Structure formats: C-alpha cells, structure tokens
Amino acid sequence: MSDVLGASEPVKPQFHAVEFRGSGSEFFRIWIVNLALTLVTLGIFSAWAKVRTRRYFYGNTFIGGHAFDYHADPVRILIGRAIAAGLFIGYNVSGRISPWLAIPWIVALAFGVPWLIVASQRFNARNTSYRNVRFNFTGDYWGAFKAFILWPIAGAVTLGGLVPLAHRARDYFLINNRTFGGKTFKTAIDGWSIYSIYLIALFWVVSAIVALVLLGVIVAMVTATLKVMAAAPMPVPPRQAFVFIAAFSLVFLVMETGLIVYIWTRVFNLAVNNTYIDGRHRIDARMAAWPLIGIGLSNIFFLIFTLGMFYPWARVRVANYMADRMGLYATSNLDEFTSEAFGAQSA
C-alpha cells in the first residue's frame, strides 16, 4: 500500500467518506411517476423507470464531492426483459403440456444463468461512471459457471462444508473482474476468516434450536402437569395453539433473517476491506448486522402500515446507512487518481 511510484517515503492514505444526499420525499416524486407510467403502459415503462431510479441513487452518491452517474439505454433493458418474458412464457406453456417438455428449459436455464450474470455485470459496470471515468467487467462465461453453478453444487454435495468457499468464489468473480478506467480491483480473503463467520452463525443456529426445543419441552411438561392436577383432559384451546405457533414462526423467521444478514454483512466487510484498486487504493466497509435488521424490520412495518407508499423512504434509508458505512482510502489525490484512470481508459 505504501509502494507508490515516484515516492521515496510511504504515503499516508487519505480517507474519503461515501455520502448519500438523496431524500425520501424527493425520490417519492420519481417513484410515483414511474409506478403510474409503468401501470399505464402495462409494464413497458419499467425499463425507463429502472434507469431513472438508478440515475437518482447514483447521482446522489458522492465520494470526495463528486457523484456517480448511470448511462444505460432503457431500450436495451426493455429488449432484455422482453426476451426473458418470452422464455418464461415458453417454459410455462411447455410445463403445462407435459412435465417432460420442461426439462430442456431447466437444463438451458442452468447453462444460461452464467451468461446472463456476465452480461448483466458487464452492462451495469460499463454504464456506470465516476467523474467521467467508466467502470468495466471482464469476467467470462466459464468463470461465472464455476462461481455460480459448480461451487454451489460442491457446497450442497458436502452438506454445507464448502459453502464458505463457494461464497468466496462468488465474491472473487464479482470483484476481481471489475475495473475502473483500466485500473483493476483485487481482493483476497483468508479461508479461516470466512469459515469463522459461518461457524459463529452455525453456533447461534444450534443454540437457538436448542433453546426453542427446551421451550417446547417446558410448555409440554407444564401442560401435562396441569392435566394431572385437574384429573381431566385439558385440550389446548385453538386460539392459544395458534398464538403459540405464530410466536414460534415469528421467532424462527427473525432468527433466520438475522443469520442471513449477519453472514452477508460480515462477508461483505471482509471482501470489501481487502479490496484494492490498482493495488494502492483500499475500499472500506463497516456494515453491522443489527442496524440493518432494525432498518429492514421497521421498513416492513411502515410498508404494511402505509400500503406500500413508504417504499421511497425505505430505499433511501438503506442507501443512507450503506453510504455512511463505506469509504475509500486513497494513496493519492482523487484528482490524480481519476486522471490516471481516465488516461488508462482512453488508451
């Protein structure tokens, strides 16, 4: 990190925080128009709605006083969605005629997913810029096939034993094939570091299951004791049974969501904090599971309470939190950095 060309002494990295300057009320106006036009045009305007939404969020995300930009052509997105809709209709029609006719579609989908991932990553990267310098994605089909098909199969065959390495392979593919103006992104994740995250999650899963089983045993023992004391059958009222099942399901759902968010935030931090641009500039991430869970649960509550009208504020809340927890440690002035990247891009 200190090996900077032309420097005789180590350069102390300068931290540049990520800022999000959008607001829920401002995005609401964009979102409500997008929604209305999408409904009126029977979904055709959804491609333009996606571009408008991304331009809003990218244009309000700043590093060092400069925002990102999104340049995608909505027509290309619309064509892609039309093709996807046609394939989906073909699969459903074939399945209704005969289950055997659906098998070729499933096989084709398995081999088509890696291509779709590569095409999507390349399209979004090439249409994203920062200070007029474009990003790019150089991953290929075989790399995507290994990361998104073979590695998950290996994780399933080993009963989850290789799932952490499959997660790492996916992050390697998505990060290490990305460039900014010709400057490469590179991350390296220690195997034990990612396994420790999953082992901690596994410990909490086992502990929660044991606690729930013990709770069930205690409830059963108390119920049996009350029956004996009453010397008569005491069936559990349907209302109480429903409340118990609902409470158990809610606890299990919260636990599952918490584990997913915990694993995602910890692995995200691990991957991003070990990511360097051009081998010199390090990206920083400080995501935490509990705040994200709190934001998610409260967003769900307000979405239900407002019949979905809270959606713009929900999106902005998540964007605000993620921006506040990210930054860039640059070993040179951002003007120099982007000038170098623009030069490499032009060449």
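See above for the structure.
Below is a summary of the structure that appears in this document. Within each chain, residue numbers correspond to sequence positions counted from 1 in written order. For this predicted model, a pLDDT threshold of at least 70 governs which residues receive local features, and a threshold of 80 or more governs which side-chain atom pairs are given and counted, while totals over whole chains, interfaces and linings are taken from all residues. Neither water nor hydrogens contribute to the side-chain values; these are computed over all heavy atoms in the structure.

1. Considerations on the overall build of the chain
Step number 1: Looking only at helices and strands, the chain has 11 helices and 10 strands in total.
Step number 2: When a residue's accessible area, from a 1.4 Å probe over protein chains only, is under 20% of the maximum for its type it is buried; when over 50% it is exposed; and in between it is partly exposed. When each of the 347 residues of the chain is scored for burial, the buried share is 35%.
Step number 3: Working rule for contacts: check all heavy atoms of both residues, and any pair within 4.5 Å makes them a contact. Taking as baseline every contact in the chain between residues at least 6 positions apart, the subset at least 24 positions apart corresponds to 71%.
Step number 4: Computed with a 1.4 Å probe, the accessible areas rest on the Shrake-Rupley method; for each residue, only the protein chains presented here act as cover. Of the roughly 20500 Å² of accessible surface on the chain, 71% is carried by carbon and sulfur atoms. Working definition: helices are DSSP H or I runs of at least four residues, strands are E runs of at least two. Numbering for both runs from the N terminus.

2. Examining the pattern of salt bridges
Step number 1: Only one rule defines a salt bridge in this text: a Lys or Arg side-chain nitrogen within 4 Å of an Asp or Glu carboxyl oxygen. All told, the structure shown has six salt bridges when counted by the stated rule.
Step number 2: The residue Arg286 makes a salt bridge to Asp284 at a minimum N-O spacing of 2.2 Å.
Step number 3: On the accessibility criterion, Asp284 (8% relative accessible area) is buried.
Step number 4: Taken together, the shared-partner salt bridges connect Lys183, Asp278 and Arg280 into one network.

3. A short note on the packing of aromatic side chains
Step number 1: Between rings of Phe, Tyr and Trp, where Trp is taken as its six-membered ring, a pair exists when centres lie within 6.5 Å; planes separated by under 30 degrees are stacked, by over 60 edge-to-face, and by other angles tilted. Counted according to the given criterion, the structure contains 26 aromatic pairs.
Step number 2: With a centroid separation of 5.7 Å and 20 degrees between ring planes, the pair formed by Phe111 and Phe145 is classed as stacked. Here Phe145 lies in helix α5 (residues 141–157) and Phe111 lies in helix α4 (residues 99–126), a separation of 34 residues in the sequence.
Step number 3: With relative accessibility at 49%, the residue Phe111 sits in the partly exposed group.
Step number 4: Looking at Phe145, the relative accessible area reads 12%, which means it is buried.
Step number 5: Ring plane angle 85 degrees and centroid distance 6.1 Å describe the contact between Phe148 and Phe173, whose orientation is recorded as edge-to-face. Placement of the pair is Phe148 in helix α5 and Phe173 in helix α6 (residues 163–176), with a sequence separation of 25 residues.
Step number 6: A relative accessible area of 6% means that Phe173 is categorised as buried.
Step number 7: Ring pairing ties together the aromatic residues Phe28, Trp31, Phe301, Phe302, Phe305, Phe310, Tyr311 and Trp313, which thus form one cluster.
Step number 8: As a reminder, the over-ring test applies to NZ of lysine and CZ of arginine, requiring each to be within 6 Å of the ring centre and within 35 degrees of the ring normal. Taking NZ or CZ as reference, Arg21 lies 3.8 Å from the ring centre of Phe62, over its face.

4. Things to note about the layout of surface pockets
Step number 1: The computed volume of the largest pocket comes to approximately 1700 Å³.
Step number 2: Taken together, 40 residues make up the lining of the largest pocket; nearest its centre are Tyr58, Arg178, Phe268, Met322 and Met326.
Step number 3: Taken together, the residues that form the lining of the largest pocket break down as 27 nonpolar, eight polar and five charged.
Step number 4: Only protein atoms enter the calculation, which uses a 1 Å grid: trapped sets of points that fit a 1.4 Å probe without letting it out are cavities, open sets showing protein on both sides within 12 Å along at least five of seven lines are pockets, and any residue with an atom within 4 Å of a point is a lining residue. Grid points are joined across faces, edges and corners, and a volume is the space filled by probe spheres set on the points. In this structure, the second largest pocket encloses a volume near 980 Å³.
Step number 5: Forming the walls of the second largest pocket are 26 residues, and the residues nearest its centre are Gly80, Arg81, Ala84, Trp115 and Leu116.
Step number 6: The element best represented in the lining of the second largest pocket is α4, accounting for 14 residues. When residues are sorted by character, Ala, Val, Leu, Ile, Met, Phe, Trp, Tyr, Cys and Pro go into the nonpolar class, Asp, Glu, Lys and Arg into the charged class, and all the rest, Gly among them, into the polar class.

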